Amino acid sequence: MQKVRLGIIGTGIAAKKLHLPALRKLEDCFEVTCVCNHTEPKAKEFASMVDAPYVLDYNELLKRDDVDAVDIMLPVELNYQAATDSLRAGKHVMVEKPIAATLEQARQMADYDKKYPSLVTMVAENFRYAPGILKAKDIISSGSIGDVYSVHWDDFGLMTADVAYAHTRWRIEHKYPGGFIMDGGVHNISALRTLLGELDIKSAKTLSINPDIGEIDSITMTFETPDGVFGCFNDYFSSNGFNENRLVILGTKGSVILSRHKTNELVVVTGTNIAEQKYEFDYSDSYTDEFRDFYHAITQGRQVISTFQEGAKDFETILNALKAAGAA
Ligand code: NAP
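Note that the coordinates shown come from a computational prediction; the quantities given were computed from them, not determined experimentally.

1. As for the sheet that holds strand 11 (residues 244-251)
And then number 1: Read from one edge of the open sheet, eight strands run 8-9-10-7-11-12-13-14, paired in mixed fashion. Unpaired on one side and paired on the other, strand 8 (200-207) and strand 14 (274-282) mark the two borders of the sheet. The sheet shows a mean angle of 10° between the axes of neighbouring strands, direction not considered.
And then number 2: The strands that helix 7 (residues 131-142) touches are strand 7 (148-156), strand 11, strand 12 (255-261), strand 13 (264-271) and strand 14; relative to strand 13, the one it contacts most, it runs at about 20°.

2. Re the confidence of the model for the protein chain
And then number 1: Summary statistics for the protein chain give a mean pLDDT of 97 and a share of 100% for residues scoring 70 or more.
And then number 2: Helix 8 (residues 169-172) is the least confidently modelled element of the protein chain, averaging 96 in pLDDT, while strand 4 (residues 69-72) averages 99, the highest of any element.

3. Some details on the site of the ligand
And then number 1: With respect to spatial proximity, 26 residues lie near the ligand, and among them His 38, Thr 39, Lys 42, Asp 183 and Tyr 287 are the closest.
And then number 2: Residue Ala 14 places a main-chain N or O atom 2.8 Å away from an oxygen atom belonging to the ligand.
And then number 3: At 2.8 Å from an oxygen atom of the ligand is found a side-chain nitrogen or oxygen belonging to Asn 37.
And then number 4: In isolation the ligand exposes 900 Å². Once the protein is present, 87% of that is buried.

4. Details of unusual backbone geometry
Note: most peptide bonds trans; most residues except glycine with negative phi.
And then number 1: The peptide bond linking Lys 97 to Pro 98 adopts the cis configuration, its omega dihedral lying at -20°.
And then number 2: In this structure, Pro 98 sits in the loop between strand 5 (92-96) and helix 5 (103-110).
And then number 3: Non-glycine residue Asp 51 carries a positive phi angle of around 55°.
And then number 4: Following the sequence through the fold, Asp 51 ends up in the loop between helix 2 (40-50) and strand 3 (54-55).
And then number 5: With a relative accessible area of 73%, Asp 51 lands in the exposed category.
And then number 6: Here the phi dihedral of Lys 262 falls at roughly 50°; this positive angle occurs in a residue that is not glycine.

5. Some words on the nonpolar core
And then number 1: Phe 30, Leu 192 and Ile 249 are the most contacted members of the largest nonpolar core, which has 108 residues in total.
And then number 2: For this core, the element with the most residues is helix 9 (residues 180-196), which contributes nine residues.
And then number 3: Composition of this core by domain shows at least three residues from each of domain 1 (4-125 + 287-307) and domain 2 (128-283 + 315-324).

6. Considering helix 5
Side chains that are three or four residues apart share a direction in an α-helix, a result of its 3.6 residues per turn.
And then number 1: Within helix 5, burial applies to Leu 103, Gln 105, Ala 106, Met 109 and Ala 110. Burial along helix 5 is one-sided: seen end-on, the buried residues are contained in an arc of 160°.
And then number 2: The inward-facing, buried residues of helix 5 contact helix 4 (79-88), strand 5, helix 6 (112-115) and helix 11 (308-324).

Reading guide: rules and limits
Residues numbered from 1 in each chain as written. Predicted model: local features only at pLDDT ≥ 70, side-chain atom pairs only at ≥ 80, totals over all residues. Heavy atoms only, no water. Pairing = 2+ DSSP bridges. Helix = DSSP H or I, 4+ residues; strand = E, 2+ residues; numbered from the N terminus. Axes fitted to C-alpha atoms, helices over the stretch in contact; angles between N-to-C directions. Contact = heavy atoms within 4.5 Å. pLDDT = per-residue confidence, 0-100. Near = heavy atom within 4 Å. Polar contact = N/O pair within 3.5 Å; in protein donor to acceptor, adjacent residues only side chain to side chain. Areas by Shrake-Rupley, 256 points an atom, 1.4 Å probe, with all protein chains shown as cover. Buried < 20%, exposed > 50% of the residue type's maximum accessible area, 1.4 Å probe, protein only. Core = buried A, V, L, I, M, F, W, Y, C linked by side-chain atoms within 4.5 Å. Domains from an automatic or database assignment. Arc of directions from axis to C-beta.

Here is the structure:
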């Protein structure tokens, strides 16, 4: 099998904890040929983990002939420039979510498939590949729970001192709207859009409970889809004593309940005339599957699922909620 020679740009939490384990499962597909981090200890450590050379300036990585594609995992405000420079250098691009720091950047990036038609452009939005979300989509499409009329997603957690994300300087001093609501909430929005289509934000309210983690850390938003499905999404990052991540999809004949605890995703289908079904998944498969999609797009010319256009729409939807709350 032809291997894609991959350059890693940014060797922080996502690189070590999420992308590297996925790449290790796909050693037939990817070979890491160069690593970049602007601070040497982190570059060196990651380079030793993948047995590849490292550079401190990503432009040096982009000049290399042995890099076909890049995996960008940088502070969000650098996504636009790094992705643009990589495409100009002729590299396929997978960039972490949220796609960019401003709507203008996101919209420009949404046109990159036309500007760089021979290169693959993909947002690493792993919720688009999450097995529980895809199962819920299949169940909705099968009609077994009837017509979906309402969805409710409660995502309550606490950024405690032992959570690495709470200490990332670029997250706390975010140079993009919404702070954790954008960085974390964009996942849920991508999943809701995968399940239901476009979301028209009807109302939103934001709160700042712990100003140490950014300008705001809590949002309740309501929305409606073109099919008239009404929904509510609660995304709370300073919820003390209550930790829950549960999506409830209500249909006229039954319901789907999707909950996640660490990397375990549980999907339950239930209703008065439905024999209860339970499905369990490993959420970390979503990272492997996004890399598989990237690989097949590069080697077989297929369209990726998580396009820049979808990433831009996810960004815009969260932004619309922030605007509705007067927080952007
Ligand atoms: P992080 O730990 O801060 O990693 C970013 C890395 O980029 C750091 O190692 C940083 O080095 C380095 N860096 C900063 N500026 C650079 C530059 N100009 N050139 C080269 N390297 C530079 O952040 P993270 O948590 O990994 O997040 C990175 C991205 O992944 C974000 O887009 C985030 O939203 C996304 N993410 C996605 C998921 C998911 O589930 N899909 C989860 C986590 C994160 P220093 O720390 O030394 O400055």
